[in-house]
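Read off the chains here:
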Amino acid sequence: MWHFAVSVFLVELYGNSLLLTAVYGLVVAGSVLLLGAIIGDWVDKNSRLKVAQTSLVVQNASVILCGIILMMIFLFKTQLLTLYHGWLLTMCYILVITIANIANLASTATAITIQRDWIVVVAGEDRSKLADMNATIRRIDQLTNILAPMAVGQIMTFGSPMIGCGFISGWNLMSMCVEYLLLWKVYQKTPTLALKSARVEESELKQLNVKKECDVKPAEGVQLIVEKDVTGFEPQQEKEISCAARIAEPFVTFRDGWVAYYNQPVFLAGMGLAFLYMTVLGFDCITTGYAYTQGLSGSVLSLLMGASAVTGIMGTVAFTWLRHKCGLVRTGLISGVAQLACLVLCVISVFMPGSPLDLTVSPFADLSARLFESEPLPTIVSPEDKSEMVFATGMPNLLNGSTTPANSDPEMSPEPVPLISVSLLFAGVIAARVGLWSFDLTVTQLLQENVVESERGIINGVQNSMNYLLDLLHFIMVILAPNPEAFGLLVLISVSFVAMGHIMYFRFAQKNLGKQLFVCCTPDPKAVSDSSPPGNTSTV
């Protein structure tokens, strides 16, 4: 719900420009890029229940606070514009983005511990059960992506953004309590969640606890024997730790996490998934912001997002079926082909009537005007003005400070803009979700099956960092070219990166299956490298 609403709120605040949404995305991507490994390391070093509860509370509390601040901005924006020459309003923007970024970091920790760790422990060694649970969790996510945006979109369309902020704050307060109780029940019903192995590295001996290590589960075998042997050196090691070593520890963790990620047998598969994040062809704040500038209302956008969630659910069904028929590795290959085939519609939409593509309009002129010229900040669009922006009648006037409408012909401005371009764009984006989510589930399970338990947090943290690194690049693209006239070019670049990602995955599949890659009638082996149980197949 918050993921959908925040992009619309930022577009509303900044006068139908994608610039503020791109800055928000840039901050979020940069934070996870720098802190992903550290967050994952924190997940590995703490008990599962503590990590889940802490991240859940921080995430929801941040969203509630952010919603309250946004309500105040919408309510008093006119007064804020007059105080300190608008700098107070700018500080409010910074505060909103900062708190929203904290919520996203907490959400990252929650996703790592629940979807990458808890679920593997609950499933045990049954990989078919693990696949079914992954697909079920993703279906729940997609169902919430149908209902939540529809609710927020209708409230914002027939109510106001301020009411939408209040609704989200209240909803998160209620859902936080429910989620907290559900996590506690799952933890109580799965005793193995209380047992957690720890990484053994020289730089981490200070983290070991002698009493706890003497009471570990026998199933951890040789690894735990090594851990017990080194615990005797703990007191001396703690005394030798200097202040400089403590300061350098996050940087060492960052380096070691990326090195470990590179050495994983599923490195190319993870890189392939990361390259899919270098795209504007998803229902993130950029695409929804672009559609919003084209005149699509929050209600229409919520319905489109609901349709994409339906196709996402279809992707989870396709994943379980393909995995059973063709094997896990081949499922990713088939999913990639399906996604690329659907994205062809997006490429075609760039050149169809109604497309705002116009490379003669300089994107840097708008950027410099907003950043360096003494131009007053945009004001909120009133509901009366919104009623004129029906998507079938054309685009809003003077988007992004342009001096002409998007159709670039003043004489034709009263006539409706053809819908064929935007229709093909969203048809391609929505249809591609089938292949996208099937591919995402494939790589997710490959990581779950081939990363040792004591490294799941840090490896998945680095995977999130890699995802956000490519996500960061796509936000930089939008910051450099925020005008709707340049969006078509961003579409072409996005499809190119998606293609490169699937080429990387093809190379991974070819290395692991060889000549058996195209034999789809027999499932591939249970693991990429050998037939060991999940969580014990990788050596770093």
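Right above here is the structure, for reference.
Residues numbered from 1 in each chain as written. Predicted model: local features only at pLDDT ≥ 70, side-chain atom pairs only at ≥ 80, totals over all residues. Heavy atoms only, no water.

Caption draft 1: Main features of the environment of Val6. With respect to the helices, strands and loops of the structure, Val6 is situated in helix H1 (residues 2–13). Val6 sits in the buried class, given a relative accessible area of 3%. In the structure, Val6 is positioned 60 residues away from Cys66 in sequence and 9.6 Å away in space, judged by C-alpha atoms. (Helix = DSSP H or I, 4+ residues; strand = E, 2+ residues; numbered from the N terminus. Buried < 20%, exposed > 50% of the residue type's maximum accessible area, 1.4 Å probe, protein only.)

Caption draft 2: Layout of the side chain of Ser31. Looking at where Ser31 falls in the secondary structure, it is placed in helix H2 (residues 19–45). A distance of 2.9 Å separates the side chain of Ser31 from the backbone oxygen of Val27, its partner in a polar contact. Every residue in contact with Ser31, bar those within four places of it in the chain, is listed here: Gly36, Asn101 and Leu105. (Polar contact = N/O pair within 3.5 Å; in protein donor to acceptor, adjacent residues only side chain to side chain. Contact = heavy atoms within 4.5 Å.)

Caption draft 3: Spatial organisation of a nonpolar patch on the surface. A cluster of nonpolar side chains, namely Phe167, Trp171, Met174, Val178 and Leu182, defines an oily patch on the protein surface of about 470 Å² accessible area. Under the relative-accessibility criterion, Trp171 is labelled partly exposed at 40%. (Patch = residues over 30% accessible without salt bridge, like charges linked within 9 Å, V, L, I, M, F, W, Y side chains within 5 Å. Areas by Shrake-Rupley, 256 points an atom, 1.4 Å probe, with all protein chains shown as cover. Salt bridge = Lys/Arg side-chain N within 4 Å of Asp/Glu carboxyl O.)

Caption draft 4: Region of the structure containing the packing of helix H11 (residues 267–275) against helix H17 (residues 420–450). Look at H11 against H17: their axes get within 10 Å of each other, and the N-to-C directions meet at 145°. Between H11 and H17 the crossing geometry is left-handed. For the pair formed by H11 and H17, the contact residues are Ala269, Gly270, Gly272 and Leu273 on the first element and Phe439, Asp440, Val443 and Leu446 on the second. Its residues placed into classes, the contact of H11 with H17 shows 5 nonpolar, 2 polar and 1 charged. (Axes fitted to C-alpha atoms, helices over the stretch in contact; angles between N-to-C directions. Left-handed = near helix turned anticlockwise from the far one by under 90°. Nonpolar A, V, L, I, M, F, W, Y, C, P; charged D, E, K, R; others polar.)

Caption draft 5: Structural detail: helix H10 (residues 243–262). Its 20 residues place the ends of H10 30 Å apart at the C-alpha level, agreeing with the 28 Å of an ideal helix rising 1.5 Å per residue. Residue Glu249 marks the point of greatest curvature in H10, where the axis turns by about 40°; the proline Pro250 follows within four residues. By the burial criterion, the buried members of H10 are Thr253, Gly257, Ala260 and Tyr261. For H10, the secondary structure elements touched by its buried residues are H2, H11 and helix H18 (456–480). (Expected span 1.5 Å × (residues − 1). Bend = angle between axes of the 7 residues up to and from the residue.)

Caption draft 6: Examining the pattern of salt bridges more closely. Taken as a whole, this structure holds 9 salt bridges when the rule is applied. Linking Lys45 and Glu249 is a salt bridge whose minimum nitrogen-to-oxygen distance equals 3.4 Å. With Lys45 in helix H2 and Glu249 in helix H10, this pair connects stretches of sequence that are 204 residues apart. The class for Glu249 is partly exposed, based on a relative accessible area of 21%. Here Arg456 and Asp117 are joined by a salt bridge, their closest N and O atoms 2.9 Å apart. Separated by 339 residues along the polypeptide, Arg456 in helix H18 and Asp117 in helix H4 (residues 87–123) bring together distant segments of the chain. Each of Arg48, Asp117, Glu453 and Arg456 takes part in a single network of salt bridges with overlapping partners.

So, to be careful, I would describe these as geometric facts and stop short of saying anything about function.
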